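Now for the letters of each chain:
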Amino acid sequence: MERVLTVHHWTDRLFSFTCTRDTSFRFGAGQFAMIGLVVEGKPLVRAYSMVSPPWEEHLEFLSIKVQHGPLTSRLQHIRPGDGVLIGKKATGTLVNENLLPGGVLWLFATGTGLAPFMSLIREPETYDRFDRIVLVHTVRQVAELAYRELISKDLPEHELLGEMVAGKLTYLPSVTREPFGTTERITTMIESGSLTGRFGLPPLSPERDRAMLCGSEAMNADVRALLEARGFVEGSNSNPGSYVVEKAFVTK
Ligand code: A2P
């Protein structure tokens, strides 16, 4: 059992929290673990990607809140000092090693699918492996752009990571149901070519580009189809490829 340290409510549907980390808990950036609460004497856990990078002392998670969801209806009420269950084992496919070397790494997230990428963009190895990293986060409303300040302001000024981040990371937030600078879905940007065109980059190609996808089942399926049509091949833990995919797990 770990202890909640801080809780941040982004919207009435989205919150994040930090908690203590057991010194024996090891994970790679992009991985997930089983997280939850003891409910009526029994563990109730779901898969949650770590938002925090592996080098951080505490752990951080991002979650939706669903009024009648078995876990999130309860988890959303946690307060500093409360106990949370953190599984001992971390796993997952959205890790650097599952991608072949490449030039540009595209991180495509919708909603809480941002979580694993928050860890990856604070992991120095990600910057060693790729020349450029573009993080695309699509949400319905502006307020759902979690960690926007951290990504666009704090990270490029970070004491140790700042230089790497400022030189290689591009953040592209898009909001589909409110006025905003970019209002397209990821799929629309890929199809129209505006995704790469806006940065003066050539069209997506498995020779040069790598992608990680994390969102709803529909988003994952649609982006996967667009990538495969362009010749991208899915990577896994035993077989690195040109893209990897994982569901943004908790929906209840
Ligand atoms: P949209 O507002 O056009 O539906 P959700 O909350 O439904 O998971 O959606 C989160 C974000 O992902 C929204 O901006 C939504 O756009 C977008 N989205 C939903 N489904 C897809 C899809 N199949 N492909 C690309 N983007 C999607």
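Residues numbered from 1 in each chain as written. Predicted model: local features only at pLDDT ≥ 70, side-chain atom pairs only at ≥ 80, totals over all residues.

Worth spelling out the cut-off: UniProt positions are given in the numbering used here, feature names are shortened, and annotations may be inferred rather than shown by experiment.
If you check an unreviewed UniProt entry, the protein chain appears there as ferredoxin--NADP(+) reductase from Falsiroseomonas bella. Recorded under Cofactor (unreviewed entry), the UniProt text for the protein chain is reproduced unchanged: "FAD". Its UniProt record gives the protein chain the following Sequence similarities (unreviewed entry) comment, quoted word for word: "Belongs to the ferredoxin--NADP reductase type 1 family."

**Focus on the UniProt feature "domain: FAD-binding FR-type" (unreviewed entry) in the protein chain**
Our working rule: The way it works is that DSSP assigns letters per residue, a run of H or I at least four long becomes a helix, a run of E at least two long becomes a strand, and they are numbered from the N terminus.
In the numbering used here, UniProt assigns the feature "domain: FAD-binding FR-type" (unreviewed entry) to residues 1-97. Along residues 1-97, the helical share is 4% and the strand share 43%, with 30 Å between the first and last C-alpha atoms.

**Topic: the sheet that holds strand β11 (residues 243-247)**
Put simply, the test is: Two strands form a pair only when DSSP identifies at least two bridges running between them. Here an angle of 0 to 180 degrees is reported between the N-to-C directions of two axes, which are lines fitted to C-alpha atoms, with helices fitted over the stretch in contact. This entry defines residue contacts through backbone-placed C-beta atoms, with two residues in contact when those atoms are within 7 Å.
Taken in spatial order, the 5 strands line up as β9-β8-β7-β10-β11 in an open sheet, and their pairing is parallel. Of all the strands in the sheet, the pair left with one neighbour each is β9 (169-175) and β11. When the angles between neighbouring strand axes are averaged without regard to direction, this sheet yields 10 degrees. Here 6 bridges tie strand β7 (residues 104-110) to strand β10 (residues 209-215), and the two strands are oriented parallel to one another. Within the sheet, the bridge partner assigned to Phe108 lies in β10 and is Leu213. Docked against the sheet, helix α8 (residues 217-229) engages β7, β10 and β11, running at close to 160 degrees with respect to β10.

**Some points on the domain arrangement of the protein chain**
Interfaces are often sized by the accessible area lost when the parts come together. Threshold: Segmentation into domains, and thus their bounds, comes from an automatic or database assignment.
Per the domain assignment, the segments making up the protein chain are domain 1 (2-86) and domain 2 (96-247). Each of domain 1 and domain 2 has a C-alpha centre, and these two points are 23 Å apart. The interface of domain 1 with domain 2 comprises 15 residues on the first partner and 13 residues on the second. Sorting the residues of the side of domain 1 that touches domain 2 by element identifies β1 (2-11), β2 (14-19) and β5 (59-64) as the ones contributing at least two each. Considering each element in turn, the side of domain 1 that touches domain 2 owes the most residues, 3 residues, to β5.

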